[in-house]
Amino acid sequence: MDFVVLTIFPDMFDPFWNHGIIRRAIEQKKISASTINIRDYARDRHQVTDDKTYGGGSGMVMKPEPLAGAIRAATQKLPTAGSVLLTPQGKPFHQNMARELASFDGLVLICGRYEGVDERICHDLIDYEISIGDYVLTGGELAAMIIIDAVTRLIPGALGGENAAENDSFSNGLLEHAHYTRPQRYEGQEVPEVLLSGHHQEIERWRLESSLMRTLLKRPDLLQQKRLNQQEIIILDKWRNEIDKVLKFDHKKR
Ligand code: 4GS
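So, here's what we can say about the structure. (Residues numbered from 1 in each chain as written. Predicted model: local features only at pLDDT ≥ 70, side-chain atom pairs only at ≥ 80, totals over all residues. Heavy atoms only, no water.)

## As for the site of the ligand
Item 1. In the vicinity of the ligand lie 17 residues, with Tyr114, Ile132, Gly133, Tyr135 and Leu137 positioned nearest.
Item 2. Between the ligand and Thr87, the relevant distance is 3.4 Å, taken from an oxygen atom to a main-chain nitrogen or oxygen of the residue.
Item 3. Tyr135 places a main-chain nitrogen or oxygen 2.9 Å from a nitrogen atom of the ligand.
Item 4. Coverage of the ligand by the protein chains reaches 94% of its 370 Å² of free accessible surface.
Item 5. Elements supplying a minimum of two residues to the shell around the ligand: strand 5 (82-92) and strand 7 (128-131).
Item 6. The leading source of residues in the shell around the ligand is strand 5, at three residues.
Item 7. Split into classes, the residues belonging to the shell around the ligand amount to nine nonpolar, seven polar and one charged. (Near = heavy atom within 4 Å. Polar contact = N/O pair within 3.5 Å; in protein donor to acceptor, adjacent residues only side chain to side chain. Areas by Shrake-Rupley, 256 points an atom, 1.4 Å probe, with all protein chains shown as cover. Helix = DSSP H or I, 4+ residues; strand = E, 2+ residues; numbered from the N terminus. Nonpolar A, V, L, I, M, F, W, Y, C, P; charged D, E, K, R; others polar.)

## Brief notes about the packing of helix 4 (residues 95-102) against helix 6 (residues 141-152)
Item 1. Running from N to C, helix 4 and helix 6 point in directions that differ by 75°, and their axes come no closer than 9 Å. In terms of axis orientation, helix 4 runs roughly perpendicular to helix 6. Along the contact surface, helix 4 presents Ala98, Leu101 and Ala102, while helix 6 presents Ile147, Ala150 and Val151.
Item 2. Looking at the contact of helix 4 with helix 6 residue by residue, the classes come out as six nonpolar, no polar and no charged. (Axes fitted to C-alpha atoms, helices over the stretch in contact; angles between N-to-C directions. Parallel < 35°, antiparallel > 145°, perpendicular 65-115°, else oblique. Contact = heavy atoms within 4.5 Å.)

## Brief notes about a nonpolar patch on the surface
Item 1. On the surface, a nonpolar cluster with roughly 440 Å² of combined accessible area is contributed by Phe9, Met12, Tyr135, Leu137 and Leu142.
Item 2. Here Leu137 lies in the loop between strand 7 and helix 6.
Item 3. By relative accessible area, Leu137 is classed as partly exposed at 35%. (Patch = residues over 30% accessible without salt bridge, like charges linked within 9 Å, V, L, I, M, F, W, Y side chains within 5 Å. Salt bridge = Lys/Arg side-chain N within 4 Å of Asp/Glu carboxyl O. Buried < 20%, exposed > 50% of the residue type's maximum accessible area, 1.4 Å probe, protein only.)

## Section: the packing of aromatic side chains
Item 1. Summed over the entire model, instances satisfying the criterion amount to four aromatic pairs.
Item 2. Taken together, a centroid distance of 5.4 Å and an interplanar angle of 45° make the contact between Phe16 and Trp17 tilted. Exposure class is identical for Phe16 and Trp17. Each is buried.
Item 3. Plain terms: the ring middles of Phe104 and Tyr128 are 5.9 Å apart, the flat faces sit at 80° to each other, and that makes the pair edge-to-face. Of this pair, Phe104 sits in the loop between helix 4 and strand 6 (106-111) while Tyr128 sits in strand 7; the two residues are 24 residues apart in sequence, bridging distant segments of the chain.
Item 4. Residue classification places Phe104 among the partly exposed positions, given a relative accessible area of 23%. (Phe/Tyr/Trp six-rings, centres within 6.5 Å; stacked < 30°, edge-to-face > 60°.)

## Looking at the side chain of Glu209
Item 1. With respect to the helices and strands, the residue Glu209 is situated in helix 7 (residues 200-218).
Item 2. The class of Glu209 is buried, set by a relative accessible area of 16%.
Item 3. Polar side-chain contacts of Glu209 include one of 3.0 Å to the side chain of Trp239.
Item 4. Setting aside residues no more than four positions away along its own chain, Glu209 makes contact with Ile235, Lys238 and Trp239.

## A few points about unusual backbone geometry
Item 1. Between Arg182 and Pro183 the backbone carries a cis peptide bond, its omega angle lying at 5°.
Item 2. You can see Pro183 is positioned in the loop between helix 6 and strand 8 (185-186).
Item 3. Positive phi, normally seen in glycine, also occurs at Lys29, with a value near 60°.
Item 4. The residue Lys29 is located in the loop between helix 2 (20-27) and strand 2 (32-37) in this model.
Item 5. Since its relative accessible area comes to 72%, Lys29 is described here as exposed.

## Observations concerning the sheet that holds strand 1 (residues 2-7)
Item 1. Pairing is parallel in the open sheet, where five strands are placed in the order 2-1-6-5-7. Each of the sheet's edge strands pairs with one partner strand only, and the pair in question is strand 2 and strand 7. On average, adjacent strands in this sheet sit at an angle of 30° to one another, irrespective of strand direction.
Item 2. Here five bridges tie strand 5 to strand 6, and the two strands are oriented parallel to one another. Residue pairing in the sheet places Ser83 in a bridge with Val108 of strand 6.
Item 3. Contacts from helix 6 reach strand 1, strand 5, strand 6 and strand 7 within the one sheet, and its direction differs from that of strand 6 by about 160°. (Pairing = 2+ DSSP bridges.)

## Quick notes on helix 3 (residues 64-77)
Three- or four-residue spacings in an α-helix give side chains the same orientation, since the helix completes a turn every 3.6 residues.
Item 1. For helix 3, spanning 14 residues, the distance from its first C-alpha to its last is 20 Å, which sits close to the expected 20 Å at 1.5 Å a residue.
Item 2. Those residues of helix 3 lying buried are Pro66, Leu67, Ala68, Ala70, Ile71, Ala73 and Ala74. (Expected span 1.5 Å × (residues − 1).)

As structure tokens, then:
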């Protein structure tokens, strides 16, 4: 996967490319990463990338010509890449979209600054408009890093473990199960015994139950969207029976 980021602040990406899994993915050539400074495509002497907004008002807007020049340079470099504009107007980013983007062989990410980009840039040069959430950033750079981060870890071999991305939260529409590491007893709290048992099937069952429990308590909306399989239905049914028992107990008699 080749990433090219279009930004007026390319230096913001240096620490991002140089740490952890992203750094290793670059070193192992699972991904390539580069930036294009939009300012380099400004034609005027002062390399201006913004201008006053038509209709008046205080905000500035990204001029279309430098941005278009930068996008064309990027797509020339990566002719089969998808192009993504980061904007609050875009489709909300989620794990399924990360999977879709991971299937491209290249991505061009376009980071807006100021109030936004000139409307006329969007239509022919951009494949996706993506928002990382309903809040306003000062620029698209952090949003681009989030997309690159989520996409990179889905690229085969980018994570250390063989299929480490497979068991993560959202991979099956559920939050991830609880995790424990040493020591076995921490501040009076023990690691669940089944995890020490070495019994693979029971551990898998415990993990599924933990996953379902956490999703039900923390993100019931995810559970409502999910197609449950037989094993999951059995576990939820068991809980319902246990809750029913508690509720049927005649509390007034106590
Ligand atoms: C987002 C967002 C964003 C919008 C960029 C105002 C500067 C800013 N980009 N998801 N102009 N949320 N962009 O807030 O992607």
